[in-house]
Amino acid sequence: MKLRKLIGSLIIVALLALGSYWYEEDGQFPPSSPSDSEIVQLVFPSDRYPETAKHIQDAIAKGESAICTIDREQAENNRRLSLKGVPTKKGYDRDEWPMAMCKEGGEGADIEYISPSDNRGAGSWVGNQLEGYADGVRVEFMFQ
């Protein structure tokens, strides 16, 4: 009888340990890998990063894609191409849409001057949300 209780307790502890291993910091399980045709929807927090949200929405309204196909390997090259010929401006960051980490980014991206705190906070937030997704995953940006 004691052996049965011990084995049952060990199984429960093992399941809890396994569950906590898979459970991420923000209270969500890691994303599964979507199929090629599936699009992950990412709800962007407009209230936290209003300048970035406005820029993305304005760029989409002008014809830029609302879909970002993750392509981290080309991010540096895309950033170089998208910012080419766009001068820096003291006290501002040059925000790109589509982002440099998107296959759709690069030459012809929409550029807007926004505050560094909004731009960098938004970039960090997006990076954290998408870190579990592989290159090639398509992400649709939605707004609250």
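Keep in mind that what you see is a predicted model, and the values were worked out from it rather than measured. The residue numbering used here restarts from 1 in each chain and proceeds along that chain's sequence as written. With the structure being a predicted model, the display of local features is reserved for residues of pLDDT at least 70 and the display and counting of side-chain atom pairs for 80 or more, all residues being used for whole-chain, interface and lining totals. To obtain the side-chain values, all non-hydrogen atoms of the structure were included, while hydrogens and water were left out.

### Here's the deal with the packing of aromatic side chains
Aromatic rings from Phe, Tyr and Trp, with only the six-membered ring used for Trp, were paired whenever their centres fell within 6.5 Å, and each pair was classed as stacked if the ring planes differed by under 30 degrees, edge-to-face if by over 60, and tilted otherwise. Here the structure, examined in full by the defined rule, presents four aromatic pairs. Between the aromatic rings of Phe44 and Trp125, the centroid separation amounts to 5.6 Å while the plane-to-plane angle is 80 degrees, which identifies the pairing as edge-to-face. With a gap of 81 residues between them, Phe44 in strand S1 (residues 39-44) and Trp125 in helix H4 (residues 116-130) connect regions that are remote in the sequence. Each residue in the set Phe44, Tyr49, Trp125 and Phe143 is aromatic and connected to the rest through ring pairs, giving one cluster. A run of H or I in DSSP counts as a helix once it spans at least four residues, and a run of E counts as a strand once it spans at least two, with each numbered from the N terminus.

### Side note on H4
In this model, H4 (15 residues) spans 21 Å end to end at C-alpha, consistent with the 21 Å of a helix rising 1.5 Å per residue. Note on classification: 1.4 Å probe, protein chains only; a residue is buried when its accessible area is under 20% of the maximum for its type, exposed when over 50%, partly exposed between these limits. For H4, every residue scored as buried is listed here: Asp118, Asn119, Gly121, Ala122, Trp125, Val126 and Leu130. Where the residues of H4 are buried, they touch S1, helix H2 (50-61), strand S3 (93-97), strand S4 (110-114) and strand S5 (138-143). The span you would expect from a helix comes to 1.5 Å times its residue count less one. Here, residues are in contact when the closest pair of their heavy atoms is within 4.5 Å.

### Looking at unusual backbone geometry
Cis rather than trans, the peptide bond between Trp97 and Pro98 has omega equal to 0 degrees. Within the secondary structure, Pro98 is located in the loop between S3 and S4.

### Brief notes about the state of the cysteines
Any two cysteine sulfur atoms lying within 2.5 Å of each other are counted as a disulfide. In total, this model carries one disulfide according to the counting rule given. Sulfur-sulfur distance for the disulfide between Cys68 and Cys102 comes to 2.0 Å. Residues Cys68 and Cys102 are joined by a disulfide whose S-S torsion is about -100 degrees; by sign, that bridge is left-handed. Taken together, the residues Cys68 in strand S2 (residues 67-69) and Cys102 in the loop between S3 and S4 connect sequence positions 34 residues apart.

### Digging into the environment of Gln57
Take Gln57: it is sitting in helix H2. For Gln57, a relative accessible area of 36% puts it in the partly exposed group. In the structure, Gln57 is positioned 85 residues away from Met142 in sequence and 9.2 Å away in space, judged by C-alpha atoms.

### A few points about the nonpolar core
Here, nonpolar core refers to any group of buried Ala, Val, Leu, Ile, Met, Phe, Trp, Tyr and Cys residues whose side-chain atoms link them within 4.5 Å. Grouped together as the largest cluster of nonpolar side chains are 23 residues, with contacts concentrated most on Phe44, Met99, Leu130 and Phe141. Secondary structure elements with two or more residues in this core: S1, H2, H4 and S5. It is H4 that provides the largest number of residues to this core, a total of four residues. Ignoring anything within four residues of it in the chain, the contact list for Met99 reads Cys68, Gly105, Val126 and Phe141.

### Some remarks on the sheet that holds S5
Should DSSP find at least two bridges between two strands, the strands are regarded as paired. Spatially, three strands are ordered S1-S5-S2 in an open sheet, and the strand pairing comes out mixed. Across the chains shown, the open sheet's two edge strands, defined by having one partner strand only, are S1 and S2. Sheet twist, expressed as the mean angle between neighbouring strand axes with direction ignored, is 30 degrees. Of the pairings in the sheet, the one linking S2 to S5 comprises three bridges and is antiparallel in character. Residue Thr69 lies in a different strand from S5, and its bridge partner there is Arg138. Note on geometry: axes are lines fitted to C-alpha atoms, helical ones only across the stretch in contact, with angles between N-to-C directions running from 0 to 180 degrees.

### Things to note about the confidence of the model for the protein chain
Confidence scores here are pLDDT values: one per residue, from the predictor, ranging 0 to 100. Mean pLDDT over the protein chain works out to 85, with 75% of the residues at or above the 70 mark. In the model, residues 21-29 has pLDDT below 50 throughout and makes seven contacts with residues more than four positions away in sequence or in other chains.

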